[in-house]
Amino acid sequence: MNYNPSYTHSWSDYFQQQTTKIQQLERQLAALQKELIRIREQPRTRIDRIEYKFDQLKIEKLDGTLNIGLNPLDPDGVENFEISQQKPGIGKLQQELDSQLLQQTRQLIDAYFNEEMPLLLEQLEDRYDSKLDDSNRYHMIEDIRKQIDSRIRYYAQHLKQEESASPKEHADRLAQYVKQDITRTIEHFLKSLPEEMKGNENE
């Protein structure tokens, strides 16, 4: 029997290739398993239905959620607000236009938070003699931020775009209404604070 070194060499190469592939697949499998574990360990967020009526609000501590765009003198406001969140079926083009409008308006509101909100808060705290500490101020702003998209959608559904207005002008108009809601909400919150919780620095 003749010994053929090339035959042995080709089998050796084949086994080497298969070993390399197996090692590569094992690394990919390990990475996928790690990713699956990470996803499973992420906390799940559950948002329950929120009903807020400011006229019945008694503040004992500064936590919870501050809702924007609700009129304390209008008991039907919460129900109307919830109904407005149910989006009817619309065409793909309209959905894309709505998405662009939401994005444009959201950018304007984000700029408002970053550039104007610090001064606005300072002015309102002075006006209502209610100084918030950094932690409570942060939580209040974050509560409001989480609700911005729903308020933009609310006004997008209720305020028709003027015929002569460009999409940017319409986004500016929506942003103005949302800003007014934010200001009114902060004002009402500061006015509702009991004296012992105002945290004035001069006391």
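Residues numbered from 1 in each chain as written. Predicted model: local features only at pLDDT ≥ 70, side-chain atom pairs only at ≥ 80, totals over all residues. Heavy atoms only, no water.

Novice: For this particular structure, what's the right way to read the overall build of the chain?
Specialist: The secondary structure content of the chain amounts to 7 helices and 0 strands. The order of α-helices and β-strands along the chain, N terminus first, is α-α-α-α-α-α-α. Across the 203 residues in the chain, those meeting the buried criterion constitute 27%. Across the chain, every contact between residues at least 6 apart in sequence was considered, and the portion connecting residues at least 24 apart equals 77%. Only carbon and sulfur atoms are counted for the fraction: they give 50% of the accessible area of the chain, which is about 15,200 Å². (Helix = DSSP H or I, 4+ residues; strand = E, 2+ residues; numbered from the N terminus. Buried < 20%, exposed > 50% of the residue type's maximum accessible area, 1.4 Å probe, protein only. Contact = heavy atoms within 4.5 Å. Areas by Shrake-Rupley, 256 points an atom, 1.4 Å probe, with all protein chains shown as cover.)

Novice: When you look at the packing of aromatic side chains in this model, what are you seeing that I'm missing?
Specialist: The geometry of two aromatic rings is summed up by the distance between their centres and the angle between their planes. Using the criterion set out here, one finds 3 aromatic pairs in the structure. Ring-pair connections join several aromatic residues into one group, and the members of that group are Tyr154, Tyr155 and Tyr177. In this structure, Arg151 is placed above the aromatic ring of Tyr154, and the distance from its NZ or CZ to the ring centre is 4.5 Å. (Phe/Tyr/Trp six-rings, centres within 6.5 Å; stacked < 30°, edge-to-face > 60°. Lys NZ or Arg CZ within 6 Å of the ring centre and 35° of its normal.)

Novice: Please explain the packing of helix α4 (residues 117-127) against helix α5 (residues 134-146) as it appears in this structure.
Specialist: Helix-helix packing is characterised by the crossing angle of the two axes and by the distance between the axes. At their nearest, the axes of α4 and α5 sit 13 Å apart, and the two run at 120 degrees to each other. If you check the angle between α4 and α5, you find them oblique. The crossing of α4 and α5 is right-handed. Between α4 and α5, the contacting residues are Met117, Leu121 and Glu125 on the first element and Arg137, Met140 and Ile141 on the second. Grouping the amino acids of the contact of α4 with α5 by side-chain chemistry returns 4 nonpolar, no polar and 2 charged. (Axes fitted to C-alpha atoms, helices over the stretch in contact; angles between N-to-C directions. Parallel < 35°, antiparallel > 145°, perpendicular 65-115°, else oblique. Left-handed = near helix turned anticlockwise from the far one by under 90°. Nonpolar A, V, L, I, M, F, W, Y, C, P; charged D, E, K, R; others polar.)

Novice: Help me understand the nonpolar core in this model?
Specialist: Nonpolar side chains in soluble globular proteins tend to be buried together. The biggest cluster of nonpolar side chains holds 27 residues, and the ones touching the most others in it are Phe113, Met117, Ile148, Ile182, Ile186 and Leu190. When contributions to this core are tallied by element, the ones reaching two or more residues are α3 (92-115), α4, α5, α6 (148-158) and α7 (167-192). Of the residues forming this core, the biggest block, 8 residues, is contributed by α7. (Core = buried A, V, L, I, M, F, W, Y, C linked by side-chain atoms within 4.5 Å.)

Novice: Which parts of the structure should I look at to understand the environment of Arg173?
Specialist: Position of Arg173 relative to the elements: it lies in helix α7. By relative accessible area, Arg173 is classed as partly exposed at 25%. For Arg173 and Ala156, which are 17 residues apart along the polypeptide, the C-alpha to C-alpha distance reads 9.7 Å. Leaving out residues up to four positions away in the same chain, Arg173 has contacts with Leu159, Lys160 and Glu162.

Novice: For this particular structure, what's the right way to read the packing of α4 against α7?
Specialist: In contact at an axis separation of 10 Å, α4 and α7 are set at 35 degrees when each is read in the N-to-C sense. With respect to the hand of their crossing, α4 and α7 are arranged in right-handed fashion. For the pair α4 and α7, the contacting residues are Met117, Leu120, Leu121, Leu124, Glu125 and Arg127 in the first and Ile182, Thr183, Ile186, Glu187 and Leu190 in the second. Residues that form the contact of α4 with α7 fall into these classes: 7 nonpolar, 1 polar and 3 charged.

Novice: Looking at this structure, I do not really get a nonpolar patch on the surface. What am I missing?
Specialist: On the surface, a cluster of nonpolar side chains totalling about 330 Å² of accessible area is made up of Trp11, Tyr14 and Phe15. One can find Tyr14 in helix α1 (residues 5-41). (Patch = residues over 30% accessible without salt bridge, like charges linked within 9 Å, V, L, I, M, F, W, Y side chains within 5 Å. Salt bridge = Lys/Arg side-chain N within 4 Å of Asp/Glu carboxyl O.)

Novice: Would you take a moment to explain α5 for this structure?
Specialist: Every α-helix carries 3.6 residues per turn, so stepping three or four residues along brings you back to the same face. For α5, spanning 13 residues, the distance from its first C-alpha to its last is 18 Å, which sits close to the expected 18 Å at 1.5 Å a residue. Turning to α5, its buried residues number three or more, namely Asn136, Met140, Ile141, Asp143 and Ile144. Looking straight down α5, one finds its buried side chains confined to an arc of 155 degrees; they lie on one side. Across α5 from its buried face, at more than 90 degrees, point the exposed residues Asp134 and Lys146. Of the residues flanking the start of α5, the one acting as N-cap is Asp133, its side-chain oxygen 3.2 Å from the backbone nitrogen of Ser135. (Expected span 1.5 Å × (residues − 1). Arc of directions from axis to C-beta. Polar contact = N/O pair within 3.5 Å; in protein donor to acceptor, adjacent residues only side chain to side chain.)

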